[in-house]
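Coordinates in review
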Amino acid sequence: MVQLGIIGGGMMAEAIFSRLLAEKIYLPSQIQVSEPRADRRQELVERYGVQVTADNREVTSGSEILLLAIKPQIFDAIARELGDISVPLVVSILAGIPLSKLETGFPSSAAIRVMPNAPATVGAGMSAIAAGSQATPGQVEQAKTLLAAVGEVVEVPEKMMDAVTGLSGSGPAFVALAIEALSDGGVAAGLPRTIATPLAIQTVLGTAQLLQETGLHTGQLKDRATSPGGTTITGLRELEQAGVRSAFMEAVVAACRRSQELGS
């Protein structure tokens, strides 16, 4: 019996259900995915053994949870197609689509809105969830179980979801840009690219792990790494003069604003 139906067979959907399979939360026979591209359908069947179809309505039959993993721009079309279904719980990972729109589009289902991020593909994601008015505590726990398979989960009021989207949803791209820039700096200073990039990646990874495990404030760690007239404070001065701190802040705010636009 299908227990988890997924509309959309993209990378985030694959990240979630592949981890659910790996952790034996679901069997392949309990997951069905709808995907319009034939080559992608074949890939998912061969790789995971899940049931895959091009028929969105087929996915909803017998599902306890319907995961929406499509582009937010086509939500209205999907809701028109599937709005009469009676799946108990609809979980949406669509950026910007509010709970009110989910509940209107799927009036017979409880709704939970989720914002995962790209590191979910390696089980290191950060997901925020906001529950709709009809979602029971048990259904919230079901959603948390889905997302816990791909990383950490935090429950937030829906009013914070666009900000979450701007920070942790878009943040991996911002961090990737920072890593690329650090690697470029290493090359500019004389390092081969093959050495500069691993150095940059591990520096970011290790710093994040240090902050997480020690509970240090970011400012404390920064201060520990600087000495009077030293190399680090000289570099930090350049970053401040270039407005890097402000640029990261504005990037998050702009992404948040775009999330709000997508839901309007």
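Per an unreviewed UniProt entry, the protein chain carries the name Pyrroline-5-carboxylate reductase and comes from Roseofilum casamattae BLCC-M143. Looking at the protein chain in UniProt, the text filed under Subcellular location (unreviewed entry) is "Cytoplasm". Under Pathway (unreviewed entry), UniProt gives the following word-for-word description of the protein chain: "Amino-acid biosynthesis; L-proline biosynthesis; L-proline from L-glutamate 5-semialdehyde: step 1/1."

1. Observations regarding the layout of surface pockets
In this model, the second largest pocket occupies a volume close to 620 Å³. If you go around the second largest pocket, you meet 30 residues; those closest to its centre are Met12, Ala69, Ile70, Lys71 and Ile93. Among the elements of the structure, α1 (11-22) and α7 (161-169) are those that each provide at least two residues to the lining of the second largest pocket. Top contributing element to the lining of the second largest pocket by residue count: α1, with three residues. Its residues assigned to classes, the lining of the second largest pocket comprises 17 nonpolar, ten polar and three charged.

2. Here's the deal with the UniProt feature "domain: Pyrroline-5-carboxylate reductase dimerisation" (unreviewed entry) in the protein chain
Cross-referencing UniProt, the feature "domain: Pyrroline-5-carboxylate reductase dimerisation" (unreviewed entry) maps to residues 158-262 in the present numbering. Here residues 158-262 runs as 83% helix and 0% strand, with 15 Å between its end C-alpha atoms.

3. Describing the sheet that holds strand β3 (residues 51-53)
As summarised here, the arrangement of the eight strands in space is β3-β2-β1-β4-β5-β6-β7-β8, forming an open sheet in which the pairing is mixed. Strands with a single pairing partner mark the edges of an open sheet, and in this sheet they are β3 and β8 (151-155). When the angles between neighbouring strand axes are averaged without regard to direction, this sheet yields 20°. As paired strands, strand β6 (residues 110-115) and strand β7 (residues 125-131) are joined by four bridges and run antiparallel to one another. Within β7, the residue paired with Met115 across the bridge is Ala128. Where helix α6 (residues 137-148) meets the sheet, its contacts fall on β1 (4-7), β4 (65-68), β5 (89-92), β6, β7 and β8, and the angle it forms with β8 comes to roughly 150°.

4. Focus: the pattern of salt bridges
Scanning all chains against the criterion turns up 17 salt bridges. In the salt-bridge network here, residues are joined through shared partners; they are Glu14, Arg40, Glu43 and Arg47.

5. Here's the deal with the packing of aromatic side chains
Inspection of the entire model under this criterion finds two aromatic pairs. Where Phe17 meets Tyr48, the ring centres are 5.1 Å apart and the plane angle is 80°; that geometry is what we call edge-to-face. Taken as a pair, Phe17 in helix α1 and Tyr48 in helix α2 (residues 38-48) lie far apart in primary sequence, 31 residues in all. A relative accessible area of 0% means that Phe17 is categorised as buried.

Definitions and cut-offs
- Residues numbered from 1 in each chain as written.
- Predicted model: local features only at pLDDT ≥ 70, side-chain atom pairs only at ≥ 80, totals over all residues.
- Heavy atoms only, no water.
- UniProt positions renumbered as here; feature names shortened; annotations may be inferred.
- 1 Å grid on protein atoms, 1.4 Å probe; cavity = no way out; pocket = protein on both sides within 12 Å on 5 of 7 lines; lining within 4 Å.
- Points joined across faces, edges and corners; volume = space filled by probe spheres on them.
- Helix = DSSP H or I, 4+ residues; strand = E, 2+ residues; numbered from the N terminus.
- Nonpolar A, V, L, I, M, F, W, Y, C, P; charged D, E, K, R; others polar.
- Pairing = 2+ DSSP bridges.
- Axes fitted to C-alpha atoms, helices over the stretch in contact; angles between N-to-C directions.
- Contact = heavy atoms within 4.5 Å.
- Salt bridge = Lys/Arg side-chain N within 4 Å of Asp/Glu carboxyl O.
- Phe/Tyr/Trp six-rings, centres within 6.5 Å; stacked < 30°, edge-to-face > 60°.
- Buried < 20%, exposed > 50% of the residue type's maximum accessible area, 1.4 Å probe, protein only.

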